[in-house]
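Overview (structure and organization)
Single-letter residue listing:
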Amino acid sequence: MGAHDPIARSASSMSMRTYQSAGASMRSYPSQRHANTLPPAPNHTLPPDNPIRHLTVRPSSQSGGGFSNPLYAAASNVLGMGPPPGALPGPPMGHPGGASYTSYRSSESSIAPSHSAPHVNNYNQRPSSFPPVDDGSEIEPRPTLPHQDSVSVNSRKTKAIDLSAPPYTKEYIDQYRQRIKADPDPEAHFLYAKYLIDAARKIRSTNKDQRSAKKYTEVLIGESLKVVRRLATQGDAYDEAQFYLANCYGTGSLGLQVDHERAYHLYLQAAKQNHAAACYRVAVCNEIGAGTRKEPTRAANFYRKAASLGDTAAMYKLGMILLQGALGEQKNPREAVGWLRRAAEQADEENPHALHELAVLHEQGQLVPHDPPLAKQLLTQSAHLGYTPSQYKLGQCYEYGSLTCPVDPRRSIAWYTKAAEKGDSEAELALSGWYLTGSEGVLKQSDSEAYLWARRAANKGLSNAEYAVGYYAEVGIGIKQDIEFAKRWYMRAAAQGNKRAMNRLTEMKRMGNKRLNMARPTRQQAKDECIII
């Protein structure tokens, strides 16, 4: 075992995302690309960790620990994308969005490799950051507000009050309860129920007497559920209440037991009232068999209904179904592109996926005109919305000068960093290649960083990264030269069909115990060894 190896391999486990949609990848580019598919439909608040969500982990820049702030700042300075107020997030050590099970997915399942890795002494050493870089911003900075002489000194010190936010006091709750009794509008009662839940959370988190607060908030939650159940099941059932209650049964939130069958039934009832997001959920359940049996044709029909009702996620999904001929549907590229374009027109941070797919199509130039500038524009838009595959793709474009992008190490490294922050293993490996040789005036060369970034990607099962770790160990880059350790990583890569690893193992077997004297790679060789598949 290589006791000098700076990072311990993470425990082998199957990602919870493998439970998400058993369908084949809907990607239109090679399978190694990461596909953060569909997030929940916009404008519908869900309880956390809903197992009957949309088909994807939500693209997010939220971060976990383990990285220093300058790494994020470096990308922000180049791309003109400042961090959220109050904090500079760093990348999580796992998949974007953490390990929580949040959604079903129709794209690739992710399985961590089951091979064991050498035990190491230092468990905490991680890739650090590269120096912040300036200039090259792709976004015009927002102009500062002009100074207003009419603003007094005292007014600047006054705390802003959000008049739209209701107070969360017992007195206000009692008054609200009395007022709502005379209101026949189901929407008003639904908003009251949601207010009770918000009030319960606020009171629970701020009250010093936790015992009394717990008792009172349980009463509020119970009253809220009673209202929602009444709205969802009695008389002219209210579709938003049905959708909300279905989410609660899907997640087991608000004290309810997880019940996928009941959740599916409620989604179906809301879908009958043309609730777009509920139609999408029914489609997901029928596709993967959650709370009902698998019915691909029925799933496709509900995806189409949701898309026709304006659900952005459903438009994207339907476009991919027709593009690939999935769920028993005939391929229809023309209609598929139409739905993707409609989804792209409504793209936002939760639904950037169609932008990326259209960019890929315009890059390929088979179903739509070959248009590299438009592909770049779509990728950039998607990347700024936080979509990891687009961020990685732009990193490649600026590294190799493709899609009309100039060769620009600053932008390449910055976009790779954005993707790596959210756990994209290919972006991590790409950063390894940049650290291996450095970039004058942009990134300082570092063998240790090159090894650590490659190891981080290898721990996620990326075969090219496993090969790179073996290569670094064989040459002695960022780690003490260790032929046996290198062989183990080559074998792991070879087990996934990596031909380079197979060739290296064959060569090492032929050489026997002779110690190889391998020279350091050039930048081009580094690209070949670490990045090219």
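About the cut-offs
- Residues numbered from 1 in each chain as written.
- Predicted model: local features only at pLDDT ≥ 70, side-chain atom pairs only at ≥ 80, totals over all residues.
- Heavy atoms only, no water.
- Helix = DSSP H or I, 4+ residues; strand = E, 2+ residues; numbered from the N terminus.
- Buried < 20%, exposed > 50% of the residue type's maximum accessible area, 1.4 Å probe, protein only.
- Contact = heavy atoms within 4.5 Å.
- Salt bridge = Lys/Arg side-chain N within 4 Å of Asp/Glu carboxyl O.
- Expected span 1.5 Å × (residues − 1).
- Core = buried A, V, L, I, M, F, W, Y, C linked by side-chain atoms within 4.5 Å.
- Polar contact = N/O pair within 3.5 Å; in protein donor to acceptor, adjacent residues only side chain to side chain.
- Phe/Tyr/Trp six-rings, centres within 6.5 Å; stacked < 30°, edge-to-face > 60°.
- Lys NZ or Arg CZ within 6 Å of the ring centre and 35° of its normal.
- Disulfide = S-S within 2.5 Å.
- Axes fitted to C-alpha atoms, helices over the stretch in contact; angles between N-to-C directions.
- Parallel < 35°, antiparallel > 145°, perpendicular 65-115°, else oblique.
- Nonpolar A, V, L, I, M, F, W, Y, C, P; charged D, E, K, R; others polar.
- Left-handed = near helix turned anticlockwise from the far one by under 90°.
- pLDDT = per-residue confidence, 0-100.

Of the regular secondary structure elements, the chain holds 21 helices and zero strands. For the chain, the residues scored as buried account for 51% of the 533 residues in total. Considering only contacts within the chain whose residues lie at least 6 apart along the sequence, 68% involve residues at least 24 apart.

So, on to the pattern of salt bridges. Any two side chains of opposite charge can pair if their charged atoms end up close together. Inspection of the entire model under this criterion finds 14 salt bridges. Across the salt bridge formed by aspartate 408 and arginine 411, the nearest N and O atoms sit 2.8 Å from each other. For the pair formed by aspartate 408 and arginine 411, the shared burial category is buried. A salt bridge links glutamate 474 to arginine 504; the nearest nitrogen and oxygen atoms lie 2.4 Å apart.

It is worth spelling out helix α6 (residues 239-251) at this point. Over its 13 residues, α6 runs 19 Å from end to end, which matches the ideal 18 Å to within 8%, given 1.5 Å per residue. Most of α6 sits inside the fold, with twelve of its 13 residues counted as buried. Residues of α6 that are buried: Asp239, Ala241, Gln242, Phe243, Tyr244, Leu245, Ala246, Asn247, Cys248, Tyr249, Gly250 and Thr251. Check the buried side of α6 and you find it contacts α4 (186-206), α5 (210-233), α7 (260-272) and α8 (276-288). Just downstream of α6 lies glycine 252, where phi reads positive at about 75 degrees.

With that out of the way, let us pick up the nonpolar core. If you look at the biggest cluster of nonpolar residues, it comprises 86 residues, and the most contacted ones within it are Leu245 and Tyr303. No other element matches the ten residues that α4 contributes to this core. Setting aside residues no more than four positions away along its own chain, leucine 245 makes contact with Leu225, Val228, Arg229, Ala232, Leu256 and Leu266. The next biggest cluster of nonpolar side chains, apart from the first, holds 41 residues, and it includes Tyr416, Ala427, Ala468 and Ile477.

The next subject is unusual backbone geometry. Even without a glycine there, the phi angle at leucine 327 is positive, about 55 degrees. Of note, leucine 327 is situated in the loop between α10 (312-324) and α11 (333-345). Judged by relative accessible area, which is 16%, leucine 327 ranks as buried. One non-glycine residue, leucine 403, adopts positive backbone phi at about 55 degrees. Mapped onto the elements of the fold, leucine 403 is located in the loop between α14 (388-400) and α15 (409-421).

So, about the side chain of serine 446. Counting through the fold element by element, serine 446 comes out in the loop between α16 (425-437) and α17 (447-458). Residue serine 446 is classed as buried on the basis of its relative accessible area, which comes to 16%. At 3.1 Å, the side chain of serine 446 forms a polar contact with the side chain of serine 448. Of the polar contacts made by the side chain of serine 446, one reaches the backbone nitrogen of glutamate 449; its length is 3.1 Å.

Counted under the stated rule, the structure contains 14 aromatic pairs. With 5.8 Å between their ring centres and 65 degrees between their planes, tyrosine 172 and tyrosine 195 make a pair best called edge-to-face. Residue tyrosine 172 is found in helix α3 (residues 170-181), and its partner tyrosine 195 is found in helix α4; the two are separated by 23 residues along the sequence. With relative accessibility at 22%, the residue tyrosine 172 sits in the partly exposed group. Centroid distance tyrosine 467 to tyrosine 471: 6.4 Å. Interplanar angle 25 degrees. Geometry classified as stacked. With a gap of four residues between them, tyrosine 467 and tyrosine 471 both fall in helix α18 (residues 463-475), about one helical turn apart. An identical accessibility class is assigned to tyrosine 467 and tyrosine 471; each is buried. Members of the aromatic cluster, joined through ring pairs, are Tyr168, Tyr172, Tyr176, Tyr192 and Tyr195. Just above the ring of tyrosine 172 sits the side chain of arginine 179; from NZ or CZ to the centre is 5.6 Å.

Next up on the list: the environment of glutamine 481. The topology assignment puts glutamine 481 in the loop between α18 and α19 (483-495). Within polar-contact distance, the side chain of glutamine 481 engages the backbone oxygen of glutamate 474 at 2.6 Å.

This next bit is on the state of the cysteines. This model, assessed by the stated rule, comprises zero disulfides. Cysteine cysteine 397 remains unbridged, with the sulfur of cysteine 405 as its closest cysteine sulfur at 4.7 Å. You can call cysteine 397 buried: its relative accessible area is 2%.

Before going further, it helps to examine α5. Owing to its 3.6 residues per turn, the α-helix brings residues three or four apart onto one side. If you check α5, its first and last C-alpha atoms are 34 Å apart, about what 24 residues at 1.5 Å a residue would give, namely 34 Å. Within the span of α5, buried status applies to Ala213, Thr217, Leu220, Ile221, Glu223, Ser224, Leu225, Val227, Val228, Leu231 and Ala232. Residues of α5 that are buried in the fold lie against α3, α4 and α6. Positive backbone phi, at 60 degrees, marks glycine 235, one or two positions downstream of α5.

Once that is clear, we can look at the packing of α16 against α18. If you want to describe how two helices pack, look at the angle between their axes and the distance between the axes. Here α16 crosses α18 at 30 degrees, and the two axes come no closer than 10 Å. When the interaxial angle is binned, α16 and α18 end up roughly parallel. In this structure, α16 uses Leu429, Ser432 and Leu436 to contact α18, whose residues at the interface are Asn464, Ala465, Ala468 and Tyr472. A per-class count over the contact of α16 with α18 returns five nonpolar, two polar and no charged.

What follows concerns the packing of α10 against helix α12 (residues 353-364). At their nearest, the axes of α10 and α12 sit 10 Å apart, and the two run at 30 degrees to each other. Note that α10 runs across α12; the crossing there is left-handed. Across the interface between the two elements, Tyr316, Met320 and Leu323 of α10 pack against His353, Ala354, Glu357 and Leu361 of α12. Residue composition of the contact of α10 with α12, grouped by class: five nonpolar, one polar and one charged.

Looking now at the confidence of the model for the chain. Confidence in the prediction of the chain, expressed as mean pLDDT, is 77, and 65% of residues score 70 or more. Of the regions scoring below 50 in pLDDT, residues 1-124 engages in 361 contacts with residues more than four places distant in sequence or in other chains. Taken together, the stretch residues 129-137 has pLDDT below 50 and engages in 33 contacts with residues farther than four places along the chain or on a different chain.

Take the environment of aspartate 239 next. By the secondary structure assignment, aspartate 239 is in helix α6. Overall, the relative accessible area of 18% leaves aspartate 239 in the buried class. On a C-alpha basis, the gap between aspartate 239 and glutamate 187 in space is 9.8 Å, while along the polypeptide they are 52 residues apart. Every residue in contact with aspartate 239, bar those within four places of it in the chain, is listed here: Ala270, Gln273 and His275.

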